[in-house]
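Fold and geometry: a report
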Amino acid sequence: MVILVLLASIWAFLMLRSCIAEYQYYQSVKTLEPEIWAKLGSPKYLKIPIVFVSAKGSKLLRGISNSSVYERASKHRQAGKQFLVYVILVLLTSIVYFKIA
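A brief look at the structure comes next. (Residues numbered from 1 in each chain as written. Predicted model: local features only at pLDDT ≥ 70, side-chain atom pairs only at ≥ 80, totals over all residues. Heavy atoms only, no water.)

1. Focus: the overall build of the chain
Helix and strand counts for the chain stand at 5 helices and 0 strands. N-terminal to C-terminal, the α/β element order of the chain is α-α-α-α-α. Against the compact-globule benchmark of 13 Å for 101 residues, the chain has a radius of gyration of 17 Å, which places it well outside the compact range. Dimensions of the chain, computed from the C-alpha atoms along their principal axes, are close to 55 × 25 × 25 Å. Counting only residues that meet the buried cut, the chain has 23% of its 101 residues in that class. Contacts spanning at least 24 positions in sequence make up 66% of the contacts within the chain whose residues lie at least 6 apart. When the accessible surface of the chain is summed, it comes to about 7,600 Å², and 70% of that surface belongs to carbon and sulfur atoms. (Helix = DSSP H or I, 4+ residues; strand = E, 2+ residues; numbered from the N terminus. Rg over C-alpha atoms; globule rule 2.2 N^0.38 Å. Buried < 20%, exposed > 50% of the residue type's maximum accessible area, 1.4 Å probe, protein only. Contact = heavy atoms within 4.5 Å. Areas by Shrake-Rupley, 256 points an atom, 1.4 Å probe, with all protein chains shown as cover.)

Have a look at this one:
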């Protein structure tokens, strides 16, 4: 039971960290790169992530010139990758454990 609480706590921490990094990235593009934000269509709420991963959005975001926005983008990618790696490792470990048990 303690292990489940620990795993869930780590998952929640990594998820929260990833969400915060994503929000900060979106806000930095909105405030520091207003031209790109306008070209993305000034998205609101749930449309923001969809616009950022679209082909047009990705192409526009490659042209970021502000170093602060670029740094937020790399932190966003890193947090997302760490979250996914954690989820995959827990799933694989669980599969192996329950196959053996």
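Once you've had a look at it, read on.
2. Let's talk about the nonpolar core
Counting 13 residues, the largest nonpolar core has Tyr-25, Val-29, Ile-36, Leu-40, Phe-52, Leu-61 and Ile-64 as the members making the most contacts within it. Contributing elements (two or more residues each) for this core: helix H1 (2-32), helix H2 (34-39), helix H3 (47-53) and helix H5 (67-100). If near-sequence neighbours (up to four positions away) are discounted, Ile-36 is found in contact with Val-29, Leu-60, Leu-61, Gly-63 and Ile-64. (Core = buried A, V, L, I, M, F, W, Y, C linked by side-chain atoms within 4.5 Å.)

3. Here's the deal with a nonpolar patch on the surface
Judged by side-chain polarity, Leu-84, Ile-88, Leu-92 and Ile-95 come together as a nonpolar surface patch covering roughly 390 Å² of accessible area. Turning to its location among the elements, Ile-95 is positioned in helix H5. (Patch = residues over 30% accessible without salt bridge, like charges linked within 9 Å, V, L, I, M, F, W, Y side chains within 5 Å. Salt bridge = Lys/Arg side-chain N within 4 Å of Asp/Glu carboxyl O.)

4. Some points on H5
Each full turn of the α-helix corresponds to 3.6 residues, which orients residues three or four apart in the same direction. Look at H5: 49 Å from first C-alpha to last across 34 residues, which is about the 50 Å you get at 1.5 Å a residue. Buried within H5 we find Val-69, Ala-73, Ala-79, Phe-83 and Tyr-86. Tucked inside the fold, the buried residues of H5 contact H1. You can read the cap of H5 off the contacts: a side-chain oxygen lies 2.8 Å from the backbone nitrogen of Ser-68, and it is on Asn-66. (Expected span 1.5 Å × (residues − 1). Polar contact = N/O pair within 3.5 Å; in protein donor to acceptor, adjacent residues only side chain to side chain.)

5. A look at the side chain of Glu-33
For Glu-33, the location among the structural elements is in the loop between H1 and H2. A polar side-chain atom of Glu-33 sits 3.2 Å from the main-chain amide nitrogen of Ser-65. Setting aside residues no more than four positions away along its own chain, Glu-33 makes contact with Ser-28, Ile-64, Ser-65, Asn-66 and Val-69.

6. Things to note about unusual backbone geometry
The phi dihedral of Ser-42 is positive, around 45°, even though this residue is not glycine. Using a relative accessible area of 35% as the deciding quantity, one classes Ser-42 as partly exposed.

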